[in-house]
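An overview of the molecular structure
Below are the chains, spelled out letter by letter.
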4 protein chains.
Amino acid sequence: MELKPIVPIEIKKNMLVNDLVLAMKNIGVMGAGRIGEAADIFTKMIQDKECTVFLGAAGALIPGGQRELLISILEKKWIDVFVCTGATLTHDLIEALGHNHYQGHHLIDDNELNKKGIDRIYDSFMKNDVYADLEKFFNENDFTGEYNIKEFLWKIGYFTKKRSILKICYEKKIPIFCPGISDSGIGLMVWNQLNKNKKIKVDVFNDLKEILDIAWTCKKAGVFYLGGGLPKNFIQQAMQFSPKDGASYGIQITTDRPESGGSSGAELREGISWGKLNEKARFIDVICDVTIALPLIINAVIDRIEP
Amino acid sequence: MELKPIVPIEIKKNMLVNDLVLAMKNIGVMGAGRIGEAADIFTKMIQDKECTVFLGAAGALIPGGQRELLISILEKKWIDVFVCTGATLTHDLIEALGHNHYQGHHLIDDNELNKKGIDRIYDSFMKNDVYADLEKFFNENDFTGEYNIKEFLWKIGYFTKKRSILKICYEKKIPIFCPGISDSGIGLMVWNQLNKNKKIKVDVFNDLKEILDIAWTCKKAGVFYLGGGLPKNFIQQAMQFSPKDGASYGIQITTDRPESGGSSGAELREGISWGKLNEKARFIDVICDVTIALPLIINAVIDRIEP
Amino acid sequence: MELKPIVPIEIKKNMLVNDLVLAMKNIGVMGAGRIGEAADIFTKMIQDKECTVFLGAAGALIPGGQRELLISILEKKWIDVFVCTGATLTHDLIEALGHNHYQGHHLIDDNELNKKGIDRIYDSFMKNDVYADLEKFFNENDFTGEYNIKEFLWKIGYFTKKRSILKICYEKKIPIFCPGISDSGIGLMVWNQLNKNKKIKVDVFNDLKEILDIAWTCKKAGVFYLGGGLPKNFIQQAMQFSPKDGASYGIQITTDRPESGGSSGAELREGISWGKLNEKARFIDVICDVTIALPLIINAVIDRIEP
Amino acid sequence: MELKPIVPIEIKKNMLVNDLVLAMKNIGVMGAGRIGEAADIFTKMIQDKECTVFLGAAGALIPGGQRELLISILEKKWIDVFVCTGATLTHDLIEALGHNHYQGHHLIDDNELNKKGIDRIYDSFMKNDVYADLEKFFNENDFTGEYNIKEFLWKIGYFTKKRSILKICYEKKIPIFCPGISDSGIGLMVWNQLNKNKKIKVDVFNDLKEILDIAWTCKKAGVFYLGGGLPKNFIQQAMQFSPKDGASYGIQITTDRPESGGSSGAELREGISWGKLNEKARFIDVICDVTIALPLIINAVIDRIEP
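Residues numbered from 1 in each chain as written. Chains lettered and ligands numbered in written order. Predicted model: local features only at pLDDT ≥ 70, side-chain atom pairs only at ≥ 80, totals over all residues.

1. Notes on the interface of chain C and chain D
Contacts between chain C and chain D engage 60 residues on the former and 60 residues on the latter. By residue number, the principal contributor to the side of chain C that touches chain D is helix 11 (residues 229-239) of chain C, which donates five residues. Tallied by class, the residues present in the side of chain C that touches chain D amount to 26 nonpolar, 19 polar and 15 charged. (Contact = placed C-beta atoms within 7 Å. Helix = DSSP H or I, 4+ residues; strand = E, 2+ residues; numbered from the N terminus. Nonpolar A, V, L, I, M, F, W, Y, C, P; charged D, E, K, R; others polar.)

As structure tokens, then:
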């Protein structure tokens, strides 16, 4: 049995993020080693011309300061298919309308916040009055029509003026899926329009065909999950139809535990039994807060992809 | 400051579950104490005639042996509104069609399982050929029509012959919401029907009005979350419209951590800032595997409710 | 591949704890199933006449209401060797001197508590003035002498009047090890005696021989870990010297994760590589709060052991 | 209520680690923000001439590639008092004797490893034959004498030839405490010497006075915890005796949860109730794998301290 020694990480002045991530790789797959491996795999996914990259994004990514990174990697076309929660799109639209998320704290009197019109998302805050502007946006732009969810989201992107996830996906024609869209501020805005007798019909099953077709026709698939939830599971479901018995590359970043049996915390290797992940796929489970791991990975990969 | 001593739990022969749960309460809100408090709160929710109980269910509950408990509490009408994931309904339908989930293990060669046609859900197994029977069920029953999601799910319940969550909800007219239905085996079956040119149209936003109306018109709301995910968030969203500035009772059972900022692990008190939980609500976060906590709570509550 | 179906847990009036734990076993090794398996294994450990049972106890067990259960299983001689932290023995002695731990809450102003002389242990409280009584106890009883740690702990047990872990271990001559004793309130009391020029000499390595001898000479070993920390690691270290290439039975209850690589969260099977656990041992990792899992297991086992 | 917007982290070529950590700070205290805050606090601790810095180190730090960072910050005298587990010192000595830890994997047959003489520490490996060299080291150097634990550890450092934690602490006269030393490979070596009738007497309580004196006489204290366990608790215990009602600065990096009530996962603010942390202290709980967080913090701080 030939063994590779663990090379300790060193202290170094003016160290580059990419150099630190490369050093992390040399400790094996303990903690930081998984960040190192994820950076290698994501680089491969992007450089492999045959690979269609599916990104699933769940959790408080935008309050957690990851919006610019997400927009950037969509803009650079590192991502081919984007699946996310309704909350992420609502947060994105709120910022596109000129609002912010704010630095807050979780040890605070929530009742006081409520009186001040502030909504708490763990350690971040959002002003409740953003909903008035959201409503104005939906009043001022005409959403009547019949859609599938993807078409409806591109329509929002079409009406969005500022740089945002929704606008980039529309402009670059990146397929964006959000099966749980009714579970979000955007959902509430549609409900509000329906109450005003606006005719907006959005079919829940129609764009399922589209993601399954992308999975079916791609040469190779790569999956990248930020958190779990519906986005991960929806991509995993499509992977059953991908060539090569599932994805060829896989990365997931989550702190959810596998033991409950839920999809969010399920280890990627479980997907091999389902044919969602190829038995020879290169994949890694990064057990870390996304807000820590993602900037490390993305800012290491940029140095490798665009030298 | 008057302080209440912690009363140690004792060893006792032939101890009843309810007596153990009562004893747990006396250690305060440390670990087991939260189980004790949850049993008290759930008892209150059921006994409070003014309270409408919303149950959100996510995660591998049916592979985790919780199906009978869920059916029983729906049957007893302890639950007024049921929200869950597509996976839970698919697992339910699979068992209603006569199939089982099986005792497995997570330390196993997933590639071997794949070759044997076995899908792994952490420590449980499912035979892949259940999908053939699912397909047959959707072929043999006529689902053509235009629905909202709730109506569509009741339709499945209508066609289901054996005791199941879907059937009980249909028969007892319990509103059942599943915004992410396309992300499931049932979703795949509908896609299959659409491929055969069956006309099935299911609107994603239409039944949002219904859950919001229930929240809006109820006298008091109680929320009970098994895991997080979309079911929790969808009920939380509705709570903003409930009377009394949010729910009056709350229980959540999850091992997801709050720090990522995602809705799944968010502490219930966070909802106070949003007006999703009343500042004076009685609520508890149980940090435990649902398969351990739920049977304890339910089998303690039955002794109190039906003496 | 023959598969065993998962049997759902049922709702039942007047259910016995033992019946619930038996039912938990039938869902496999998902969550609750591990509690079921642990109860079976602990029963075996006790009934196997050849087996020497080592219990390692770490964490806030006494503030968490587990003191009576611990005393009872020591009293019944279900445990042959007891290893714990200094904090647990300090909490035990505090209660033996007539003080209590109190029901508190973690969302509280710690500065206010400090002013009131209350120390917080997560959701439980302790009055700071217990230290005055501890000091009195050490002033009034003569501890001068030369000991190893075990002898010193038995001496405390000898002077202790009320039913307690320390007293039971002394009276029943149960070897009790606490390598980190200086890291505790008891440690501070000794330091205080040393300041008064009392001659108390306690050797740190001397009783290592004793636990290694017990491990070396026993016919079979069974290990039971409540939390991780030093108690688990100290027993694991001894297991390397036990017959049959390590322990024949193993149970651990912890919510610590394995990924950091620390001993506390390490899965039991890791011990096989070290020769700390026999490759054919029957063992289970219970991933649960000890205050929930331990009363379930103990109150199930009593019905099986003493019918 | 004035609110500070969250500034998203950007993608940037050739980004410096320090610039990324500074950017992390601007998302508030969500995930990555805590890394940013910890780097600020550690910089302050070092730059504050009045501050005595106590480092507590637990967990698989050396197999996790953190040895060089630890040696470096001891060498630079950023740390005034070092407390750790016996395992860390054993791993350090093993590497000082010329051995390595190796890159491994946790999904492996532990029985095969056992047959090959390889011990597994989660995802890292160690060759079992290192113990032969450890034994040789203890045979060849004369450890007879009477010590407290700190003196005994300095003696090991005195005999150690290669750069190591033990040697640096000895050479720089950095007080090193390890109350649980008997729970380690070093402990086993002493037991072996005792079996050969070597007279080695090490008192367990004697150096408690020393750490309490350092705490008592310092002007200000800063605490930095890598993992929890005995090292954290031992420093926390000493903080009760520090001026200013506890430490003035605090950082802890752990993924242990607070809910079990154990010291390892306890939030730093809990220490305020005990007088272990000053109510006005600047402190942060970093919820992250140490192998990820520590290199980020240290390699950011070096750019600030040594410009």
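2. Quick notes on the confidence of the model for chain A
Looking at chain A, the pLDDT average stands at 97 and 100% of residues meet or exceed 70. Under the prediction, the complex receives an ipTM of 0.97, its pTM being 0.97. (pLDDT = per-residue confidence, 0-100.)

3. What to know about the interface of chain A and chain D
How big an interface is tends to be expressed through the accessible area that disappears when the partners come together. Each partner contributes residues to the interface: chain A has 54 residues there, and chain D has 54 residues. Secondary-structure elements contributing two or more residues to the side of chain A that touches chain D are strand 1 (4-5), helix 1 (17-25), helix 2 (32-47), helix 3 (67-75), strand 4 (102-103), strand 6 (124-127) and helix 13 (290-305) of chain A. Sorting elements by how many residues they give to the side of chain A that touches chain D places helix 13 of chain A first, with seven residues. The class makeup of the residues in the side of chain A that touches chain D is 28 nonpolar, 15 polar and eleven charged. Bridging between strand 1 of chain A and strand 3 (residues 102-103) of chain D involves two bridges; their strand directions are antiparallel. (Pairing = 2+ DSSP bridges.)

4. Considerations on the sheet that holds strand 4 (residues 102-103) of chain B
Residues and elements named next belong to chain B. A sheet is described by the order of its strands in space; here three strands give the open sequence 4-6-5, paired in antiparallel fashion. In this open sheet, the two edge strands, each paired with only one partner strand, are strand 4 and strand 5 (118-121). Bridge count for strand 4 against strand 6 (residues 124-127) is two bridges, and the pairing is antiparallel. When the sheet's bridge partners are listed, Gln103 is paired in strand 6 with Ser124.

5. Some details on the relation of the copies chain A and chain D
With an RMSD of 0.0 Å, chain A superimposes on chain D once it is rotated by 180 degrees and translated 0.0 Å along the axis. Taken together, the turn and the small shift mark the pair as related by a two-fold rotation axis. Relative to the rotation axis, the closest C-alpha in chain A is found at A:Leu16, a distance of 2.1 Å. An overlap of 100% is found between the interface residues of chain A and their copies at the interface of chain D, pointing to a shared contact surface. (Least-squares fit on C-alpha atoms with pLDDT ≥ 70 in both.)

6. A short note on the nonpolar core
In summary, soluble globular proteins display a tendency toward joint burial of nonpolar side chains. The biggest cluster of nonpolar side chains holds 446 residues, and the ones touching the most others in it are A:Ile35, B:Ile35, C:Ile35 and D:Ile35. The contact partners of A:Ile35, leaving out residues within four places of it in the chain, are A:Val21, A:Met24, A:Val286, A:Cys288, A:Ala293, A:Leu296, A:Ile297 and D:Ile292. (Core = buried A, V, L, I, M, F, W, Y, C linked by C-beta atoms within 7 Å. Buried ≥ 20, exposed ≤ 12 C-beta atoms within 10 Å, placed from the backbone.)

7. Quick look at the environment of D:Arg257
Along the polypeptide, D:Arg257 turns up in the loop between strand 10 (247-253) and helix 12 (270-274). D:Arg257 sits ten residues away from D:Glu267 along the chain, and the two C-alpha atoms are 8.7 Å apart. Discounting chain neighbours no more than four positions away, the residues touching D:Arg257 are C:Thr255 and D:Gly265.

8. Quick notes on the relation of the copies chain C and chain D
Each of the two copies of the chain can be brought onto the other by a rotation about an axis and a shift along it. Overlaying chain C on chain D yields an RMSD of 0.0 Å, the required transformation being a rotation through 180 degrees with an accompanying axial translation of 0.0 Å. Both copies present the same face, since 100% of the interface residues in chain C are matched by interface residues at the equivalent positions in chain D.

9. Re the sheet that holds strand 8 (residues 176-177) of chain A
Residues and elements named next belong to chain A. Read from one edge of the open sheet, six strands run 8-3-2-10-11-12, paired in parallel fashion. Only two strands of the sheet have a single neighbouring strand rather than two, namely strand 8 and strand 12 (277-286). Against the sheet, helix 11 (residues 229-239) engages strand 2 (51-57), strand 3 (81-84), strand 8, strand 10 (220-226), strand 11 (247-253) and strand 12, with an angle of about 150 degrees to strand 2. (Axes fitted to C-alpha atoms, helices over the stretch in contact; angles between N-to-C directions.)

10. Quick word on helix 9 (residues 185-195) of chain A
Restricting attention to buried positions, one finds in helix 9 of chain A the residues A:Ile186, A:Gly187, A:Leu188, A:Met189 and A:Val190. The elements touched by buried residues of helix 9 of chain A are helix 4 (86-96), helix 6 (130-140) and strand 9 (200-203) of chain A together with helix 10 (208-217) and helix 11 (229-239) of chain B. Immediately downstream of helix 9 of chain A, the backbone of A:Asn197 shows phi near 65 degrees, a positive value.

11. Looking at the environment of A:Val190
Its place among the elements puts A:Val190 in helix 9. Residue class for A:Val190 comes out buried when judged on the 22 C-beta atoms lying within 10 Å of it.

12. Some details on unusual backbone geometry
Apart from glycine, the bulk of residues carry a negative phi angle, and the bulk of peptide bonds sit in the trans form. Positive phi, normally seen in glycine, also occurs at B:Lys173, with a value near 55 degrees. By secondary structure assignment, the location of B:Lys173 is in the loop between helix 8 (165-171) and strand 8 (176-177).

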